[in-house]
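Below are the chains, spelled out letter by letter.
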Amino acid sequence: MDATRQTMRGQAGAAVRGVLGAVSLVGGLTWILLNLGAPRPVTDMIVGAVLAAGGLVLLMPHRVRLPARATAAATIAAALGGTLAGAISESTQLGGMWAYLASRGWPFAWVSRAGLGGDAATARQVAEQSSWQVDAVNLAADLYFWAFAGLILVVAARLARRPAAVPEPAPQS
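Just so we're clear, the structure is a prediction, and the values are computed from it rather than from any experiment.

Participant: Which residues make up the sheet that holds strand S1 (residues 90-95), and what are the values?
Facilitator: With respect to topology, four strands assemble into an open sheet ordered S1-S2-S3-S4, the strand pairing being antiparallel. With partners counted over all chains shown, the strands left at the sheet margins are S1 and strand S4 (133-134), one partner each. Relative to strand S2 (residues 99-104), S1 is paired through six bridges, and the arrangement is antiparallel. What sits directly across from Leu-94, in S2, is Tyr-100. Sheet strands touched by helix H4 (residues 120-129): S1, S2 and strand S3 (111-116). Its angle to S3, the strand with the most contacts, is close to 140°.

Quick look at the structure:
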């Protein structure tokens, strides 16, 4: 019974990895294509490349064997650490008949606050007195991006530690 459970768990894990890998690979490549002329081309290219590379890693576990616990720990740590570190990045916008918006997060702004006023100074003051609001969708996207960045780092470390293949001598006739 225990062997059957492990087999089913392994098959379910492989199915989840396959679906997640395929969606990430296609999504990353699509992201790159759709954002070629975007206002933040470098950020969008990085996001697309990380998602595509992470999708490839998930689709080809036979190419690079990764230790499950170490990979899970590194992925979770990168997701949380990267998302929290990305909150240092702040952007502000002033628009309309005075709206002030401040947001934090990289590559996706996942926390923001805003204010409206009769002039730019009042709008900024109202925004600075308002509380930060979390955007759950962008937070999930940020965690996903950083988790894949952690996965890619694990793969890079694993490949760097792998010994170089030594070619076999040709057979003598």
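Further notes follow.
Participant: An account of the layout of surface pockets is requested, with residue identities and associated values reported.
Facilitator: A volume near 450 Å³ is recorded for the largest pocket. As for the largest pocket, its lining consists of 19 residues, of which Arg-17, Leu-58, Leu-66, Thr-71 and Leu-151 are closest to the centre. Those elements giving two or more residues to the lining of the largest pocket turn out to be helix H1 (2-34), helix H2 (41-59), helix H3 (68-86) and helix H5 (136-161). Residue composition of the lining of the largest pocket, grouped by class: 14 nonpolar, three polar and two charged.

Participant: Pulling in residues and values, what's your account of H2?
Facilitator: Think of an α-helix as 3.6 residues a turn; residues three or four steps apart then line up on the same face. The end-to-end C-alpha distance of H2 is 27 Å, a good match for the 27 Å that 19 residues give at a rise of 1.5 Å each. Buried within H2 we find Thr-43, Asp-44, Val-47, Gly-48, Val-50, Leu-51, Ala-52, Gly-54, Gly-55, Val-57 and Leu-58. Looking at the buried positions of H2, the neighbouring elements they touch are H1 and H5.

Participant: Tell me about the nonpolar core, residues and numbers included.
Facilitator: Val-47, Val-50, Leu-51, Val-57, Leu-58, Val-64, Phe-108, Phe-145, Phe-148, Ala-149, Leu-151 and Val-155 together form the largest nonpolar core, which totals 12 residues. Of all the secondary-structure elements, those providing two or more residues to this core are H2 and H5.

Participant: Outline the pairing of S3, listing residues and values.
Facilitator: Of the two faces of S3, the one lined by Val-111, Arg-113 and Gly-115 is fully buried and the one lined by Ser-112, Ala-114 and Leu-116 carries no buried residue. Note: S2 against S3, six bridges, orientation antiparallel. Bridge pairing links Ala-102 to Arg-113 in S3. From the end of S2 to the start of S3, which pair antiparallel, there are six residues, and Gly-105 there has a positive phi angle of about 125°. Here S3 runs beside S4; their pairing, made up of two bridges, is antiparallel. In the strand pairing of S4, Val-111 is matched with Val-134.

Basis of the calculations
- Residues numbered from 1 in each chain as written.
- Predicted model: local features only at pLDDT ≥ 70, side-chain atom pairs only at ≥ 80, totals over all residues.
- Heavy atoms only, no water.
- Pairing = 2+ DSSP bridges.
- Helix = DSSP H or I, 4+ residues; strand = E, 2+ residues; numbered from the N terminus.
- Contact = heavy atoms within 4.5 Å.
- Axes fitted to C-alpha atoms, helices over the stretch in contact; angles between N-to-C directions.
- 1 Å grid on protein atoms, 1.4 Å probe; cavity = no way out; pocket = protein on both sides within 12 Å on 5 of 7 lines; lining within 4 Å.
- Points joined across faces, edges and corners; volume = space filled by probe spheres on them.
- Nonpolar A, V, L, I, M, F, W, Y, C, P; charged D, E, K, R; others polar.
- Expected span 1.5 Å × (residues − 1).
- Buried < 20%, exposed > 50% of the residue type's maximum accessible area, 1.4 Å probe, protein only.
- Core = buried A, V, L, I, M, F, W, Y, C linked by side-chain atoms within 4.5 Å.

The values reported here are purely geometric and, on their own, carry no functional implication.
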